[in-house]
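Now for the letters of each chain:
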Amino acid sequence: MIIETNSSHLRKEHWDSIFQSTDYTQVLWHQSSPQKSIDAIKKYLKDDANIIDVGCGASFLVDNLLHDGYKNITLLDTSKTSLDIVKQRLQDDALEYVCDDILNFKTLKKFDIWHDRAVFHFLLTKKERQKYFEVLSKSLKKGAKAIISTFRVDGPIQCAGLNIVQYNHEKMLQELPQNLELIQSEKYTHITPKKSEQEYIYFVITKKDIHM
Ligand SMILES: C[S@@+](CC[C@H](N)C(=O)[O-])C[C@H]1O[C@@H](n2cnc3c(N)ncnc32)[C@H](O)[C@@H]1O
């Protein structure tokens, strides 16, 4: 059954119920070591960088970043349950937790990096994707990087009971507004906790030094 989550309220309900009813280390997107994301972040950033992990879920990315000396980390997710899992696991008061839908997110803080693994691909309409990039552009410093990872063309067509949009380099280029530049695309095969394979693609995007 495909579930419709075309409003922030429905998205919140859907994701909260998943994190309440499932062991987060057994969901298909779980990574025991999110190495690809860590490598991409370390390539571009010093450890005083302001990082936001958008749709962080209960990922171990933040644990790894803290271990590597990063401190200024904001975790955003529509699911309060997922944020509570991370809070209890880490017990680190310095982390900033934001329970919000990314399409509604407003911030005065400017980030050096925006990390999104397996969230953008849930945005099914052009309008939602335009809004996403508007929020991203407003939240990033000039020259800052966004690392966005989605299911790839030829990869899965659904995730967590929801339809997704698959991407490749050309499709992502078509989505980007003028002030964002795609500087890298890299294919990646994720091995799920059930030992199946999922085809992902990682995009590195930079915010150009122009006014919109
Ligand atoms: C497939 S999981 C990926 C979690 C994490 N990024 C990872 O790699 O393990 C998608 C996550 O994005 C969150 N999410 C989905 N749509 C969202 C939205 N519009 N705004 C904020 N969070 C969202 C979900 O609650 C869930 O935690």
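All values reported here derive from a predicted model rather than from experimental measurement. (Residues numbered from 1 in each chain as written. Predicted model: local features only at pLDDT ≥ 70, side-chain atom pairs only at ≥ 80, totals over all residues. Heavy atoms only, no water.)

Colleague: Any chance you could explain the environment of isoleucine 157 here in plain terms?
Modeller: Within the element layout of this structure, isoleucine 157 appears in the loop between strand 5 (140-151) and strand 6 (158-159). By relative accessible area, which is 58% here, isoleucine 157 ends up exposed. For the pair isoleucine 157 and histidine 121, spaced 36 residues apart in sequence, the C-alpha to C-alpha distance is 9.8 Å. Setting aside anything within four residues of it in sequence, one finds isoleucine 157 in contact with Leu162, Asn163, Ile164 and Gln166. (Helix = DSSP H or I, 4+ residues; strand = E, 2+ residues; numbered from the N terminus. Buried < 20%, exposed > 50% of the residue type's maximum accessible area, 1.4 Å probe, protein only. Contact = heavy atoms within 4.5 Å.)

Colleague: Got a minute to help me understand helix 1 (residues 8-21) in this structure?
Modeller: Residue pairs spaced three or four apart in an α-helix point in one direction, given the helix's 3.6 residues per turn. With 14 residues, helix 1 should reach 20 Å at 1.5 Å per residue; the first-to-last C-alpha distance of 20 Å fits that figure. Burial in helix 1 covers these residues: Arg11, His14, Trp15, Asp16, Ile18 and Phe19. Buried positions along helix 1 lie against helix 4 (80-90), helix 5 (126-139) and strand 7 (162-163). (Expected span 1.5 Å × (residues − 1).)

Colleague: How do you make sense of the packing of aromatic side chains when you look at a structure like this?
Modeller: Each aromatic ring pair is described using two quantities: the centre-to-centre distance and the angle formed by the ring planes. The tally for this structure, following the rule as stated, stands at 13 aromatic pairs. On the numbers, 5.6 Å between centres and 70° between planes, the contact of tryptophan 15 with tryptophan 29 is edge-to-face. Highlighted residues: tryptophan 15 in helix 1 and tryptophan 29 in the loop between helix 1 and helix 2 (35-44), separated in sequence by 14 residues. Both residues of the pair, tryptophan 15 and tryptophan 29, count as buried. Put simply, the rings of Trp114, Phe120, Tyr132, Phe133 and Tyr167 pair up and form one aromatic cluster. Residue placement shows lysine 87 over the ring face of tyrosine 97; its charged tip is 5.0 Å from the ring centre. Looking at lysine 171, its charged tip hangs above the ring of tyrosine 167, at a distance of 5.5 Å from the centre. (Phe/Tyr/Trp six-rings, centres within 6.5 Å; stacked < 30°, edge-to-face > 60°. Lys NZ or Arg CZ within 6 Å of the ring centre and 35° of its normal.)

Colleague: How do you make sense of the site of the ligand when you look at a structure like this?
Modeller: Contacts to the ligand come from 19 residues, most closely from Gly55, Gly57, Asp77, Ile102 and Arg117. Here glycine 57 contributes a backbone N or O atom positioned 3.5 Å from an oxygen atom of the ligand. With respect to the ligand, the backbone of threonine 78 contributes an N or O atom lying 3.3 Å from a nitrogen atom. Its free accessible area being 600 Å², the ligand has 98% of it covered by the protein chains. Mapped onto the shell around the ligand, the elements with two or more residues apiece are helix 1 and strand 2 (73-77). When residues of the shell around the ligand are assigned to their parent elements, the largest contribution, three residues, is made by helix 1. When the residues that make up the shell around the ligand are grouped by side-chain class, the tally is nine nonpolar, five polar and five charged. (Near = heavy atom within 4 Å. Polar contact = N/O pair within 3.5 Å; in protein donor to acceptor, adjacent residues only side chain to side chain. Areas by Shrake-Rupley, 256 points an atom, 1.4 Å probe, with all protein chains shown as cover. Nonpolar A, V, L, I, M, F, W, Y, C, P; charged D, E, K, R; others polar.)

Colleague: It is not clear to me how the sheet that holds strand 2 should be interpreted in this structure. Could you clarify?
Modeller: Two orientations exist for strands paired in a sheet by backbone hydrogen bonds: parallel and antiparallel. On the basis of which strands lie adjacent, the open sheet formed by seven strands has the order 3-2-1-4-5-9-8 and mixed pairing. This sheet does not close on itself; its edge strands, each paired only once, are strand 3 (96-99) and strand 8 (180-191). Ignoring which end each strand starts from, the neighbouring axes of this sheet average 15° apart. Summarising the sheet, strand 2 and strand 3 pair through four bridges and their orientation is parallel. Its bridge partner lying in strand 3, aspartate 77 is registered against cysteine 99. Contacting strand 2 and strand 3, helix 4 runs over the sheet at an angle of about 165° to strand 3. (Pairing = 2+ DSSP bridges. Axes fitted to C-alpha atoms, helices over the stretch in contact; angles between N-to-C directions.)

Remember that the coordinates give geometry; whether it matters functionally is a separate question.
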